[in-house]
Amino acid sequence: MRIQFVEAHQLAGIQQRAPRVVMALGYFDGVHVGHQKVILAAKKQAVKQGIALAVLSFFPHPKSVLQRQAIHYLEPIEQKAQKLEQLGVDIFYVVQFTQELAQLSPDCFLEAYVRKLRVQHIVCGFDYTYGHKALGNTDTLAVYAAAHRIGFTAVRAYKWHGEKISSTKIREHVRRGDVRTLPQLLGTYYTTKYCQVTGVLPYYTLPQQGHYHVLIDTGSTFIPCLATVLSATKVQLHGDEPSLPQLLTIQWIEQAQDVKIYA
Ligand SMILES: Cc1cc2nc3c(=O)[nH]c(=O)nc-3n(C[C@H](O)[C@H](O)[C@H](O)COP(=O)(O)O)c2cc1C
Ligand SMILES: Nc1ncnc2c1ncn2[C@@H]1O[C@H](COP(=O)(O)OP(=O)(O)OP(=O)(O)O)[C@@H](O)[C@H]1O
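Within every chain, residues take consecutive numbers counted from 1 along the sequence as written. Chain labels run from A onward and ligand labels from 1 onward, assigned in the order the entries are written. The model is predicted, so local features are restricted to residues of pLDDT at least 70 and side-chain atom pairs to those at 80 or more, both for listing and for counting; the totals for chains, interfaces and linings are taken over all residues. Excluded from the side-chain calculation are hydrogens and water; included are all heavy atoms of the structure.

- The name given to the protein in an unreviewed UniProt entry is FAD synthase, and the organism recorded there is Caryophanon tenue.
- Taken verbatim from the UniProt record of the protein, the Sequence similarities (unreviewed entry) comment is "Belongs to the RibF family."
- UniProt positions are given in the numbering used here, feature names are shortened, and annotations may be inferred rather than shown by experiment. Under the UniProt heading Catalytic activity (unreviewed entry), the note attached to the protein is "FMN + ATP + H(+) = FAD + diphosphate".

### With respect to the nonpolar core
Here's step 1: Judged by nonpolar contacts, the single largest core of 57 residues is most densely connected at Met 23, Ile 39, Leu 56 and Tyr 93.
Here's step 2: Helix and strand definitions here come from DSSP, where helices need a minimum of 4 consecutive H or I residues and strands a minimum of 2 consecutive E residues; each element is numbered from the N-terminal end. Here the element with the most residues in this core is strand 3 (residues 52-59); it accounts for 7 residues.
Here's step 3: Those residues in contact with Met 23, other than ones at most four positions away along the chain, are Ala 54, Leu 56, Tyr 93, Tyr 113, Val 114, Leu 117, Val 119, His 121, Ile 122 and Val 123.
Here's step 4: Of all hydrophobic cores here, the second largest spans 26 residues; its members include Leu 185, Leu 186, Val 214 and Val 229. Here the nonpolar core consists of buried residues drawn from Ala, Val, Leu, Ile, Met, Phe, Trp, Tyr and Cys, with membership extended through side-chain atoms lying within 4.5 Å. Only protein chains enter the accessibility calculation, which uses a 1.4 Å probe; a residue is then buried when its area is under 20% of its type maximum, exposed when over 50%, and partly exposed in between. Throughout, a contact is declared for two residues whenever any of their heavy atoms are within 4.5 Å.

### Section: the sheet that holds strand 11 (residues 210-217)
Here's step 1: The strand order across the open sheet built from 6 strands is 10-9-14-11-12-13, with neighbouring strands paired in antiparallel fashion. Every other strand in the sheet has two partners, leaving strand 10 (199-200) and strand 13 (235-238) as the edge strands with one partner each.
Here's step 2: The pairing criterion is simple: DSSP has to find at least two bridges between the two strands. The pairing of strand 12 (residues 222-229) with strand 13 spans 4 bridges and is classified as antiparallel. Residue Ala 227 lies in a different strand from strand 13, and its bridge partner there is Leu 237.

### Focus on the pairing of strand 12
Here's step 1: Bridge count for strand 11 against strand 12 is 8 bridges, and the pairing is antiparallel. Considered in strand 12, the bridge of Val 214 is made with Cys 225.
Here's step 2: Counting the residues between successive antiparallel strands, the hairpin from strand 11 to strand 12 contains 4 residues, one of them, Gly 219, with a positive phi of roughly 105 degrees.
Here's step 3: What sits between the antiparallel neighbours strand 12 and strand 13 is a turn of 5 residues.

### What about the domain arrangement of the protein?
Here's step 1: For the domain bounds, the source is a domain assignment made automatically or taken from a database. Segmenting the protein into domains produces domain 1 (2-157) and domain 2 (178-255).
Here's step 2: A straight line from the C-alpha centre of domain 1 to that of domain 2 covers 30 Å.
Here's step 3: In this complex, domain 1 contributes 12 residues to the contact, which on the side of domain 2 involves 10 residues.
Here's step 4: Defined in terms of a 1.4 Å probe, buried area is the accessible area two parts forfeit on being brought together, summed over both. Approximately 950 Å² of surface area, both sides summed, lies buried where domain 1 meets domain 2, with 55% of it carried by carbon and sulfur atoms.
Here's step 5: Nitrogen and oxygen atoms within 3.5 Å of one another constitute a polar contact, given that in protein one can donate a hydrogen and the other can accept it, and given that sequence-neighbouring residues count only through two side-chain atoms. In this assembly, domain 1 and domain 2 are joined by 6 residue pairs in polar contact (both at pLDDT 80 or more).
Here's step 6: Amino acid classes used here: Ala, Val, Leu, Ile, Met, Phe, Trp, Tyr, Cys and Pro are nonpolar; Asp, Glu, Lys and Arg are charged; the rest, including Gly, are polar. Grouping the constituent residues of the side of domain 1 that touches domain 2 by class yields 6 nonpolar, 5 polar and 1 charged.

### Observations regarding the site of ligand 1
Here's step 1: Taken together, 17 residues sit near ligand 1, with Tyr 27, Ala 102, Thr 129, Gly 131 and Lys 133 positioned nearest.
Here's step 2: In this structure, an oxygen atom belonging to ligand 1 sits 2.8 Å away from a main-chain N or O atom of Tyr 27.
Here's step 3: Against a free-state accessible area of 620 Å², the protein chains account for coverage of 80% of ligand 1.
Here's step 4: Contributing elements (two or more residues each) for the shell around ligand 1: helix 3 (62-66) and helix 5 (99-102).
Here's step 5: In the shell around ligand 1, the residues fall into 12 nonpolar, 4 polar and 1 charged. Any residue with a heavy atom positioned within 4 Å of a molecule or strand is treated as near that molecule or strand. Method for areas: the Shrake-Rupley scheme with a 1.4 Å probe, in which residue coverage is limited to the protein chains shown.

So, in structure tokens, the structure goes:
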């Protein structure tokens, strides 16, 4: 998979080199099972048409730019990219989200960042929004696509216990320390990267303070371990931590009840 960062001033050159694609649209923080439905629907189209599959996302998160709200990201671009590659994505466009970009009307955005990137078919979820004041939605997208003879699929809501699965909901589970339900929403254990010297790596969010059963993925084995989240950035591992590498991948299994830790 190729990762193509897109800044406004590079757009013309990127458009010239762009291959014909089916494109999935959205931010996709965590690449949860709802997102996976969207991307797999797009993959199906791409295979049918015999062309590449692209995902067009942003960075930073629109909310962090527009509402100046600190986003507790579920994962950085690199981990999102790995998941997208596993789902069969060929090109990952990461558009720099700026105040200027946010001024673009829905149609101007589609013209510059979608049609001119040679899109043959657009896929998004039922609630995708785009363009200034988030005025574009699946209805306007359907009209635009029909007018330009571009295919369009809107994927219906994928729910869990009657509620749409969303990155926002998953962030709430993480904040509450309720990591046990996350595999049902993410399709995998909630996973963060952690440096034993500097703490959690940027753009990951630790569960709330408390004790957890975790798996440490060292690259060659998974080591079950007890971990205490001490703060928003620090974790204490109980056990063999001196023998562990400095950079760890931590898979969060569940909160540990009634744990007594002896120093
Ligand atoms: C060109 C453009 C302009 C946008 N302007 C706004 C805006 O003014 N206000 C807003 O709340 N969101 C704005 N957004 C963010 C979108 O509504 C939406 O959050 C983003 O496209 C990611 O879609 P998703 O959250 O469905 O994945 C804009 C998005 C794009 C692509
Ligand atoms: N549960 C879902 N079922 C179907 N499509 C979804 C679902 N969740 C998100 N999508 C679609 O996936 C794409 C990416 O969505 P987005 O990044 O906004 O996810 P989200 O989980 O809704 O995030 P947030 O909670 O931050 O709004 C969009 O096209 C969106 O419509």
